[in-house]
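So you can see what is in the structure, the chains are spelled out below.
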Amino acid sequence: MTFIGMVSEHKSFENIKEILKKNSKNNINLIHICKKSISNIKNIRFETIVIDLSLDEFKEEKLLIENLCLYAKYIIINTDINIEIPKFIKQSKASIITYGLNQKATVTISSITESSILIYLQKNLKNIKGKNIEIGEKMIKVNEENKLKIYDVLIIYIIFLIESKPIIQQT
């Protein structure tokens, strides 16, 4: 069982949790990291940490966030929100995967239509099984009833890539 910690707004967390639950056969445990919960989960070792909020909002909890990232294998961070990657993340042993709409992000968007999103992986990655994932683009069809934020789609895509799960076609 994989434990993924997610620093995000509650709505994004719930949307991503729902998609992962439908598509991963309960192999992924997504745990919300917020100011209220962080002290209760400080001893959990997350395989992956997703940071989809500004870390400036966690000034008092900075040491707890650093400790959570210390043992993670992957740190997935939104570089549209966190323009500068914090020093403690750069110095970690984790694989850092950036995402956003900026040109420097590891995972970004090439194009968007009403029914699909073309996601661009700009740097080779290794998944959890050690398999190399090569640079390339992937078209993801968007379910019209369940409109997700672009960032949520990117997070789901990255999680499926590193967890070596088939990429979902409808989000």
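Structural notes, computed from the coordinates. (Residues numbered from 1 in each chain as written. Predicted model: local features only at pLDDT ≥ 70, side-chain atom pairs only at ≥ 80, totals over all residues. Heavy atoms only, no water.)

**Description of the pairing of strand β2 (residues 28–33)**
- Buried residues dominate β2, accounting for five of its six residues.
- As paired strands, strand β1 (residues 2–7) and β2 are joined by six bridges and run parallel to one another. Bridge pairing in β2 places M6 opposite H32. (Buried < 20%, exposed > 50% of the residue type's maximum accessible area, 1.4 Å probe, protein only. Helix = DSSP H or I, 4+ residues; strand = E, 2+ residues; numbered from the N terminus. Pairing = 2+ DSSP bridges.)

**A look at helix α4 (residues 150–162)**
- Counted at 1.5 Å a residue, the expected span for α4 with its 13 residues is 18 Å, and the 19 Å between its end C-alpha atoms agrees.
- Burial within α4 is extensive, with twelve of its 13 residues counted as buried.
- Residues of α4 that are buried include every one of Y151, D152, V153, L154, I155, I156, Y157, I158, I159, F160, L161 and I162, and no others.
- Positioned one or two residues after α4, S164 has a phi angle of 60°, which is positive. (Expected span 1.5 Å × (residues − 1).)

**Observations concerning the side chain of T108**
- As for its placement among the helices and strands, T108 is situated in strand β6 (residues 107–112).
- A distance of 2.8 Å separates a polar atom in the side chain of T108 from the backbone oxygen of G100.
- Apart from residues lying up to four places away in sequence, T108 is in contact with G100, L101, N102, L118, I119, Y120, Q122 and L154. (Polar contact = N/O pair within 3.5 Å; in protein donor to acceptor, adjacent residues only side chain to side chain. Contact = heavy atoms within 4.5 Å.)

**Remarks on the environment of S116**
- Mapped onto the elements of the fold, S116 is located in strand β7 (residues 116–121).
- Accessibility expressed as a relative area gives 12% for S116, which makes it buried.
- Expressed as a C-alpha distance, the spacing of S116 and I140, which sit 24 residues apart in the sequence, is 5.4 Å.
- Those residues within four positions of S116 in sequence are excluded, and the remaining contacts are S111, M139, I140, K141 and V142.

**Things to note about the pattern of salt bridges**
- For the structure shown, the criterion picks out two salt bridges.
- Residue E9 is joined to K149 by a salt bridge in which the shortest nitrogen-to-oxygen separation is 3.8 Å. Of the two residues, E9 is situated in the loop between β1 and α1 (10–23) and K149 in the loop between β10 (136–141) and α4; the sequence distance between them amounts to 140 residues.
- A salt bridge links E66 to K62; the shortest N-O distance between them is 3.4 Å. Taken as a pair, E66 and K62 lie in helix α2 (residues 62–70) at a separation of four residues, close to a single helical turn.
- With relative accessibility at 24%, the residue E66 sits in the partly exposed group.
- Given the relative accessible area of 44%, K62 is considered partly exposed. (Salt bridge = Lys/Arg side-chain N within 4 Å of Asp/Glu carboxyl O.)

**Some remarks on the nonpolar core**
- Counting 34 residues, the largest nonpolar core has V50, I76, I97, Y99, V107, I119 and I159 as the members making the most contacts within it.
- For this core, the secondary structure elements donating two or more residues are β1, α1, β2, β4 (74–78), β5 (95–99), β6, β7 and α4.
- Top element by residues in this core is α4. It accounts for eleven residues.
- Beyond its immediate stretch of four places on either side in the chain, V107 contacts I97, T98, Y99, G100, I119, Y120, L121, L154, Y157 and I158.
- I49, I51, F58 and A94 belong to the second largest nonpolar core, which has 20 residues in total. (Core = buried A, V, L, I, M, F, W, Y, C linked by side-chain atoms within 4.5 Å.)

**Thoughts on α1**
- In this model α1 runs 20 Å from its N-terminal to its C-terminal C-alpha over 14 residues, within 8% of the 20 Å that 1.5 Å per residue would give.
- Inspection of α1 places S12, F13, I16, I19 and L20 among the buried residues, and these make up the whole buried set. The buried side chains of α1 occupy one side of the element, clustering within an arc of 135° when seen end-on. Turned more than 90 degrees away from the buried face of α1, the exposed residues are K11, K21 and K22.
- The inward-facing, buried residues of α1 abut β1, β2 and α4.
- Looking one or two residues beyond α1, the residue adopting positive phi is K25, at roughly 55°. (Arc of directions from axis to C-beta.)

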